[in-house]
Amino acid sequence: MQEVKLIKGNEAVALGAIRSGCDGYFGYPITPQSEVLETLMELRPWETTGMVVLQAESEVASINMVYGGAACGKRVMTSSSSPGISLMAEGISYLAGAELPCLIVNVQRGGPGLGTIQPSQADYFQAVKGCGHGDYNMIVLAPASVQEMYDFVFDGFDLAFKYRVPVMMLSDGIIGQMMEKVVMSRSRARWTAEEIKQMSDSWATVGKPQTRARNICSSLELDSQIMEQRNLALQARYEEIKKNEVRFEEIEIDDAEYVIVAFGSSARIASEAVSLARAEGLKVGLLRPITLWPFPSARIAELAGQAKGFLVAELNAGQMVEDIRLAVDGRVPVIHFGRMGGMIYSPDEILKALKEQSNG
Amino acid sequence: MDKVYSRSALLTDNVMHYCPGCSHGTIHKLVAEVIEEMGLQADTIGVSPVGCSVFAYNYIDIDWIQAAHGRACAVATAVKRLTPEKMVFTYQGDGDLSAIGTAETIHACNRGENIAVIYVNNAIYGMTGGQMAPTTLLGMKTATSPQGREAAIHGYPYKIAEMVSHLDGVCYVTRQSVQSPAAVRKAKKAIRQAFENSMAGRGLSFVEIVSSCNSGWKLSPVEANRWMEESMFPFYKLGDIKAGTPAAI
Ligand SMILES: Cc1ncc(C[n+]2csc(CCOP(=O)(O)OP(=O)(O)O)c2C)c(N)n1
Ligand code: SF4
Ligand SMILES: [Mg+2]
């Protein structure tokens, strides 16, 4: 029989970690994601799967612990909320530069600064445009349900190891705090030392046997010619990711004259707006990017040939809308509808904004 | 004839980039020798800092992780927790460990992580061109204290070894140097003790090595050693600060 649990999004991340064979979680309390660490400490997975759980002294320490664990070829992760992710930016850049896989969960809250503990989607730029310094990207998964917060732990680790890149799950305080049923069908064991050796012998720092050269996890290269080559290799990997890993969901899109684009919690509200519109006979559809990087630009460009206009609903001042405009390339109007500071729109408000666009 | 010295097989053929007279090279040799003598090449993971010794991984033939500036103790924490059977050590300068990395250092010490910390204190930021470090002595001229360090402006030099010795998670704290054959022998013994503590899971071991940076200090290697003995040693007193022999733990 299928195991189903009624849990919060943050708890789903904790359970997903334990059941996805995660080796180590390192985190620091911050609302609205503290339940991840709290749940792990309650469940004591070190006594069952052997997973290490540690409360670090800061997010700076958390991400550098993740860096150390990742260098050993282990499945390691952290979670935080917006201000904490800002503190991790340097570490994430190092992870990208040293080509280390890991999972970082951001349960977003409103900013800037200390801002508010209420939900927001204002860290889109931070997540998809790199976050730290240097030319790099991370794969960004945007869950819209508690089920996806569970599943994306598995998917996040798989993608991280497939490409040896950091992966971010960009959630928000709505999905993190709400309770839903989760089907806990996916489950797998931690890797054995032998399995890690088979997969990562060429790079993981687990002690150098006589049989191979020493492994060095480093992002440093002072020779500019070599550093440019390393950058080019990273960029080539990013192109592969763009080719293979774009994910999105569509609702009522086939005959849509107006397309709402929304991710995460906004997509749930927007899908209600689509139902309201359809009830009034308006041909409105929804495109929900599931990967925010790589972005479904090709699909949006295609839809620009069919739709009369786009409305981008996001809980920020207008961030993802820039990527939609790039893809649409001026062919049809693209407007933004947002709330900030922890305020949330209703489906009615989204529909009203859409009607104003289609009339104007 | 008895062989009194042989180069450790764990030292690579790469030519060290350190200035002539720099202590880093000597300390690298000691670390390599101890790992070799303990038979731990396949069981050691080193964490290198940001500082002149960032390239430690080019010289000692073991697996290495290059950490962000100051974060080596956090990196090593995860490595040791995830692979507790391994010997894990950090190698850090005074800017790295006691300025930007103070929090990571103190908290790894306080948690009693089973790692060894090699702390190379040359009272200056060598790599970036000789700026003042938290360890810079009062009156000492650096690029950012060109008239000499003044307490009223820059605060006082501090002894982080003494600070961490008060933390319960720390089993062994010692301050050594490498300017003479006798000092080198003692420093090597201290490093070995620290590495044995890591393997035995006794808590965190902290080995400070008061070092010379003739480039940063703008002295010849010989003058630098003399200045270190006359000015550094009276402030950074050599010897054990917290006993680390198994009997004492
Ligand atoms: C976040 C960050 N800030 C500053 C630097 C620049 N930086 C590189 S090394 C260094 C100081 C190193 O001094 P120390 O740790 O004493 O090592 P030494 O070179 O003296 O052995 C600084 C400030 C950096 N690389 N990263
Ligand atoms: S600058 Fe100082 S610490 Fe750096 S290599 Fe030269 S002498 Fe050594
Ligand atoms: Mg220094």
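That block above? That's the structure.
Residues numbered from 1 in each chain as written. Chains lettered and ligands numbered in written order. Predicted model: local features only at pLDDT ≥ 70, side-chain atom pairs only at ≥ 80, totals over all residues. Heavy atoms only, no water.

**Q** Sorry, what's going on with the site of ligand 2 here?
**A** Looking at ligand 2, the residues that line it are Tyr 18, Cys 19, Cys 22, His 24, Cys 52, Asn 122, Gly 126, Cys 213, Asn 214 and Ser 215 of chain B. Classifying every residue of the shell around ligand 2 gives five nonpolar, five polar and no charged. (Near = heavy atom within 4 Å. Nonpolar A, V, L, I, M, F, W, Y, C, P; charged D, E, K, R; others polar.)

**Q** Which parts of the structure should I look at to understand the sheet that holds strand S4 (residues 116-121) of chain B?
**A** Paired through backbone hydrogen bonds, the strands of a sheet run either parallel or antiparallel to each other. In spatial order, the strands read S9(A)-S2(B)-S1(B)-S3(B)-S4(B)-S6(B)-S5(B)-S7(B); together these eight strands make up an open sheet with mixed pairing. Two strands close off the open sheet at either side, each with one partner strand: strand S9 (216-217) of chain A together with strand S7 (239-242) of chain B. Here seven bridges tie strand S5 (residues 170-177) of chain B to strand S6 (residues 204-210) of chain B, and the two strands are oriented parallel to one another. From the neighbouring strand, Thr 174 of chain B faces S6 of chain B, where its bridge partner is Val 207 of chain B. (Pairing = 2+ DSSP bridges. Helix = DSSP H or I, 4+ residues; strand = E, 2+ residues; numbered from the N terminus.)

**Q** Looking at this structure, how should I read the pattern of salt bridges?
**A** Side-chain pairs of opposite charge can arise whenever the charged atoms involved come near each other. Residue and element names in this part refer to chain A. Summed over all chains, the structure comprises 38 salt bridges over all chains. Glu 35 is the salt-bridge partner of Lys 8, the closest N and O atoms lying 3.1 Å from each other. Here Lys 8, found in strand S1 (residues 4-8), pairs with Glu 35, found in helix H2 (residues 35-43); they are 27 residues apart in sequence, far enough to count as distant. Residue Lys 8 is classed as partly exposed on the basis of its relative accessible area of 21%. Residue class for Glu 35 comes out buried when judged on its relative accessible area of 16%. Residue Lys 243 pairs with Glu 240 through a salt bridge whose shortest N-O separation is 3.0 Å. Taken together, the positions of Lys 243 and Glu 240, both in helix H9 (residues 224-244) and three residues apart, correspond to about one turn of that helix. (Salt bridge = Lys/Arg side-chain N within 4 Å of Asp/Glu carboxyl O. Buried < 20%, exposed > 50% of the residue type's maximum accessible area, 1.4 Å probe, protein only.)

**Q** What exactly am I supposed to notice about the side chain of Asp 123 of chain A here?
**A** All names here are of chain A. Relative to the helices and strands, Asp 123 is located in the loop between strand S5 (102-108) and helix H5 (124-128). Here Asp 123 sits buried without a salt bridge, and the closest side chain of opposite charge, Arg 109, lies 8.3 Å off (N-O distance). Setting aside residues no more than four positions away along its own chain, Asp 123 makes contact with Ser 82, Asn 106, Gln 108, Leu 170 and Gln 319. (Lys, Arg positive; Asp, Glu negative; His and termini not counted. Contact = heavy atoms within 4.5 Å.)

**Q** Is there a simple way to explain the pairing of strand S1 (residues 44-48) of chain B in this structure?
**A** It is a general feature of regular strands that their side chains alternate between the two faces of the sheet. Residue and element names in this part refer to chain B. Here S1 lies mainly inside the structure; five of its five residues are buried. Of the two faces of S1, both are covered, the one formed by Thr 44, Gly 46 and Ser 48 as well as the one formed by Ile 45 and Val 47. Alignment of S1 against strand S3 (residues 87-93), held across four bridges, turns out to be parallel. Bridge pairing links Val 47 to Thr 90 in S3. Bridge count between S1 and strand S2 (residues 63-66): four bridges; the pairing is parallel. Residue Val 47 lies in a different strand from S2, and its bridge partner there is Ile 65.

Functional significance is not addressed by these values, which are geometric in nature.
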